[in-house]
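# Observations on the three-dimensional arrangement
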Amino acid sequence: MSDLDLQLGDAAPIVDPMLGSVVAGRYEVRELLGKGGMGCVYRAKQAGLDREIALKVLHAHTASKPGMKRRFKREARAASMLQHPHSVVVHDFGEWEGQLFIAMEMLNGVPLSDVLLSGPLPSERIVDILVQLLDALEIAHNQGLLHRDLKPENVLILDDPRAGVEPDKEHRDYVKVVDFGLACVMEPETDMSLTDDGNVAGTPAYMSPEQAKASELDGRSDLYSVGIMMYEMLCGERPFAGASPLAVLVKHLYIEPGRPSHRAPETPVHSGLEEVCLRVLSKLPQDRYQTAAEMRLALGQAMAGGNRFIQKPGIKKMSRAERAETLGISNVATKAATATDAAELRVLSVRACQTDFSSSPNAVMRAFGLDVEEEERLEDIGLLAPRFHAIVVDLRPDPAEAMIGVEAGLETWELDGRPVIVLGPDDEFATMQQALSIGVADYVPVSKVSKLPKTLRRAVRRYRRKR
Ligand SMILES: Nc1ncnc2c1ncn2[C@@H]1O[C@H](COP(=O)(O)OP(=O)(O)OP(=O)(O)O)[C@@H](O)[C@H]1O
Ligand SMILES: [Mg+2]
């Protein structure tokens, strides 16, 4: 069965009606290349010219939203005027049977997100990719065009067409940036972040703090997103993860990213590149590089400064006794600190008030095989903590009151770095912000209680790496 068909039990497969259509009388749709938040991308043949193009067709409902068509046309026109070897060529755009489409140069390559699946990249490769990306951004920004949705899915990596043609050019990655300006089409400029129901529009993982706040954006916001991608290339992880899009957003706003070298103790991270990355991830745009050209220069200087790699000794490689000594704790506690298998995870679950809640976090954790011990008094956490890998505090029914206890506790409990995760109401932005800024590892909204086990495992893994 082709991946275009959706099989529903024994029923006949549903075939995408776009396949075989001729869009705007000239683009014959041949194959689905991929789907994203905004729409679908197809391989199509342009009649008459006998060339292949990539046709992005936006979700049907987008064209019906007020102001959408106007914004789409404005952005698509700006993108079509962008001519740079590292930005995708936009051939055409328009509207067909109530759907907005954009016809682009067909690229044969893989998104950077696929490349990142195999982990961190070597320094030279990171710089090579970033320099090409920054070249494209520099020209776009100079023309007043922001990307607004830079993420690894929108950076395609092609085989370098110059390899073999220019004798001194060895094989390397050739970067093409796609989807310039299109994010702006999806949401009104004034509402890029929180929607009415408290959800987040777009991919929060790569959003700048000013984007999260729906403030006015300039090129420095794109540079922040480049910084998140750079972080991921350096250590294989994004700086901010969370149980909900809102939690990620709050972290962009209020939490400092840890050093990439601390995130990946087993990967050597180039110290100069780490500094460049942390600078461009500054919360305030004025503290970042001000232009793409400035960041590119900093990358060159960092590489010229020599390879001073930072590497933390991998705790996994140490013996139990060495680990205990490094962590300054007993052998038993060391075992607790390094376990991440569900079966080995011991969680202290604290609920300030004995009320019968419909969604019980303890039931969810047990269903996932975690070893949960229940406790009612926040005051006892300090004493009990050493026996557990992580602590979960249910803030309900009075989150504000419970947070006072958690805040005081974080200063007095002997946690030795163990993660504390809180569970609270969905729409309490202020409580979530407070929790994350005082050092709570994550805030899990009640509606996302099923994510608690995964969040716990991630937090314990992180704790282990930090040691
Ligand atoms: N010009 C192109 N040529 C070939 N493949 C492309 C082209 N543009 C996009 N793609 C691929 O099509 C797939 C879907 O892209 P799409 O932009 O719809 O999704 P996305 O980037 O994941 O999300 P978003 O909708 O937020 O941009 C991606 O895997 C992308 O790599
Ligand atoms: Mg895209």
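Described below are features of the structure shown in this document. As the structure is a prediction and not an experimental result, all values here were calculated from the model.

### Description of the sheet that holds strand β3 (residues 39–46)
- What the six strands build is an open sheet, ordered β1-β2-β3-β4-β6-β5; its pairing is antiparallel. With partners counted over all chains shown, the strands left at the sheet margins are β1 (22–23) and β5 (90–96), one partner each.
- Lying on the sheet, helix α2 (residues 68–81) is in contact with β5 and β6 (99–105); it crosses β5 at an angle near 165°.

### Observations concerning the site of ligand 1
- Every one of the 21 residues lining ligand 1 counts as a neighbour, but G34, G36, V41, A54 and E153 are closest to it.
- Only β2 (27–35), β3 and β6 provide two or more residues apiece to the shell around ligand 1.
- A total of three residues in the shell around ligand 1 trace back to one element, the largest contributor, which is β2.
- Looking at the shell around ligand 1 residue by residue, the classes come out as eleven nonpolar, five polar and five charged.

### Remarks on helix α17 (residues 429–437)
- Of all the positions in α17, only M432, Q434, A435 and L436 are classed as buried.
- Buried residues along α17 sit against α8 (245–254), α16 (399–412), β15 (420–424) and β16 (442–445).

### Remarks on the pairing of β2
- Sheet topology places β1 next to β2; two bridges connect them, and they run antiparallel. Along β2, the bridge assignment pairs V22 with E28.
- Hairpin remark: β1 followed by β2, antiparallel, with three residues in the connecting loop; positive phi at A24, about 50°.

### With respect to the nonpolar core
- Among the nonpolar cores identified, the biggest contains 113 residues, and L55, L133, I391, I421 and V422 are the most heavily contacted of them.
- If one sorts the elements of this core by residue count, helix α7 (residues 219–235) sits on top with ten residues.

### As for the environment of I129
- One can find I129 in helix α4 (residues 123–142).
- According to the C-beta neighbour criterion, I129 is buried, with 22 such atoms within 10 Å.
- As for I129 and M230, which are separated by 101 residues in sequence, their C-alpha atoms are 9.5 Å apart.
- If we ignore the near neighbours within four places in the chain, the residues touching I129 are D173 and V175.

About the thresholds
The residue count restarts for each chain, going from 1 along the sequence in the order it is written. Labels follow written order: the first chain is A, the first ligand is 1, and so on. Totals for whole chains, interfaces and linings use all residues, but because this is a predicted model, local features are given only for residues with pLDDT of at least 70 and pairs of side-chain atoms are given and counted only at 80 or more. Two strands qualify as a pair provided DSSP detects at least 2 bridges between them. Labels follow the DSSP assignment, with helices taken as runs of H or I lasting at least four residues and strands as runs of E lasting at least two, numbered in each case from the N terminus. Throughout, a pair of residues is in contact if the C-beta atoms placed from their backbones lie within 7 Å. Between N-to-C directions, angles cover 0 to 180 degrees, with each direction set by a line fitted to C-alpha atoms, over the stretch in contact for helices. We count a residue as near a molecule or strand when its backbone-placed C-beta atom lies within 6 Å of that partner. By the convention adopted, Pro, Cys, Tyr, Trp, Phe, Met, Ile, Leu, Val and Ala count as nonpolar, Lys, Arg, Asp and Glu as charged, and the other residues, Gly among them, as polar. Using C-beta atoms placed from the backbone, we call a residue buried if 20 or more other C-beta atoms fall within 10 Å of its own, exposed if 12 or fewer do, and partly exposed for counts in between. Connectivity within a nonpolar core runs through C-beta atoms within 7 Å, and the core itself is a set of buried Ala, Val, Leu, Ile, Met, Phe, Trp, Tyr and Cys residues.

Function-wise, these values are silent; they only describe arrangement.
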